[in-house]
Amino acid sequence: MSSGPPSGLLLVLVCCPLLGLAQAASSNKASDNGHPHLGDTDPERCMRHHFVETITHPIYKCNSKMVLLARCEGHCSHTSRSDPLISFSSVLKQPFKSTCSCCRPHTSKLKAVRLRCAGGTRITATYRYILACNCEECS
């Protein structure tokens, strides 16, 4: 019996090479708050997750392209806080200051993909590719 990967998985990688990139890239995940030693054992911590998306133009007849994208997802600190604000006015527009932490993109880069359309025209689609995620204050 072979100890290699299941043949179904190999077939998917041959048919869709971007899935292989997504699986290989998933080992390159961002650390929580930029500190690799904090929270690395929590599988649900804030980190970058890769996925494959097909880009198509919503109006024009263009060839679609598959691209590797990333999203930030996971848990940050479970502690949130609301402190009362002191005012010398009779109207308190915001009576509390709340503090919480959200999983957000920390660094990203602009990427572009060109779609070939009917009549030989080309249209460029742009998107932000997330390089690292961090727990940052929610707004």
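Residues numbered from 1 in each chain as written. Predicted model: local features only at pLDDT ≥ 70, side-chain atom pairs only at ≥ 80, totals over all residues. Heavy atoms only, no water.

- Going by an unreviewed UniProt entry, the chain carries the name Norrin and comes from Myripristis murdjan.
- According to its UniProt record, the chain has this under Subunit (unreviewed entry): "Homodimer; disulfide-linked. Component of a complex, at least composed of TSPAN12, FZD4, LRP5/6 and norrin (NDP). Binds FZD4 with high affinity. Interacts with LRP6 (via Beta-propellers 1 and 2)."
- Heading Subcellular location (unreviewed entry) of the UniProt record for the chain holds this comment: "Secreted". (UniProt positions renumbered as here; feature names shortened; annotations may be inferred.)

1. Some remarks on the overall build of the chain
Then step 1. Within the chain, the secondary structure is distributed over 2 helices and 6 strands.
Then step 2. Per-residue burial for the chain yields a buried fraction of 23% across its 139 residues.
Then step 3. At a minimum sequence separation of 6, the contacts of the chain that also span at least 24 residues come to 57%. (Helix = DSSP H or I, 4+ residues; strand = E, 2+ residues; numbered from the N terminus. Buried < 20%, exposed > 50% of the residue type's maximum accessible area, 1.4 Å probe, protein only. Contact = heavy atoms within 4.5 Å.)

2. Topic: the state of the cysteines
Then step 1. What the rule picks out here adds up to 5 disulfides.
Then step 2. The connectivity of the disulfides in the chain is 1-6, 2-7, 3-8, 4-9, 5-10, where the numbers refer to bonded cysteines in sequence order. (Disulfide = S-S within 2.5 Å.)

3. Focus: the confidence of the model for the chain
Then step 1. This prediction gives the chain a mean pLDDT of 75; 71% of its residues lie at or above 70.
Then step 2. Counted against residues more than four places away or in other chains, residues 1–38, with its pLDDT under 50, gives 36 contacts. (pLDDT = per-residue confidence, 0-100.)

4. Overview of a positive patch on the surface
Then step 1. There is a patch of like positive charges on the surface, built from Lys-65, Arg-114, Arg-116 and Arg-122.
Then step 2. Take Arg-114: it is sitting in strand β5 (residues 101–116).
Then step 3. By relative accessible area, Arg-114 is classed as partly exposed at 46%. (Patch = residues over 30% accessible without salt bridge, like charges linked within 9 Å, V, L, I, M, F, W, Y side chains within 5 Å. Areas by Shrake-Rupley, 256 points an atom, 1.4 Å probe, with all protein chains shown as cover. Salt bridge = Lys/Arg side-chain N within 4 Å of Asp/Glu carboxyl O. Lys, Arg positive; Asp, Glu negative; His and termini not counted. Charge placed at Lys NZ, Arg CZ, Asp CG, Glu CD.)

5. Looking at the nonpolar core
Nonpolar side chains in soluble globular proteins generally cluster together in the buried interior.
Then step 1. By size, the foremost hydrophobic cluster in this structure holds 18 residues, and its most contacted members are Cys-46, Ile-55, Val-67, Cys-103, Tyr-127 and Cys-133.
Then step 2. Not counting chain neighbours up to four residues away, the residues in contact with Ile-55 comprise Ser-64, Lys-65, Val-67, Val-113, Leu-115, Ala-125 and Tyr-127. (Core = buried A, V, L, I, M, F, W, Y, C linked by side-chain atoms within 4.5 Å.)

6. Remarks on the environment of Pro-43
Then step 1. You can see Pro-43 is positioned in the loop between α2 (17–25) and β1 (47–55).
Then step 2. On the accessibility criterion, Pro-43 (61% relative accessible area) is exposed.
Then step 3. A C-alpha to C-alpha distance of 8.5 Å links Pro-43 and Gly-74, two positions 31 residues apart in sequence.

7. Digging into the packing of aromatic side chains
Then step 1. Following the criterion strictly, the structure yields 0 aromatic pairs and no others.
Then step 2. A cation over an aromatic ring shows up here: Arg-71 above the ring of Phe-51, its NZ or CZ 4.2 Å from the ring centre.
Then step 3. Over the ring of Tyr-129 we find Lys-111; its NZ or CZ atom is 4.8 Å from the centre of that ring. (Phe/Tyr/Trp six-rings, centres within 6.5 Å; stacked < 30°, edge-to-face > 60°. Lys NZ or Arg CZ within 6 Å of the ring centre and 35° of its normal.)

8. Description of the side chain of His-50
Then step 1. By secondary structure assignment, the location of His-50 is in strand β1.
Then step 2. Exposure remark for His-50: the relative accessible area of 14% places this residue in the buried category.
Then step 3. A distance of 2.9 Å separates polar atoms of two side chains, one belonging to His-50 and the other to Tyr-129. (Polar contact = N/O pair within 3.5 Å; in protein donor to acceptor, adjacent residues only side chain to side chain.)

9. Quick look at the side chain of Arg-48
Then step 1. Mapped onto the secondary structure, Arg-48 falls in strand β1.
Then step 2. Buried Arg-48, no salt bridge; nearest opposite-charge side chain is Glu-73, N-O distance 12 Å.
Then step 3. Of note is the side chain of Arg-48, whose polar atom sits 3.2 Å from the backbone oxygen of Ile-130.

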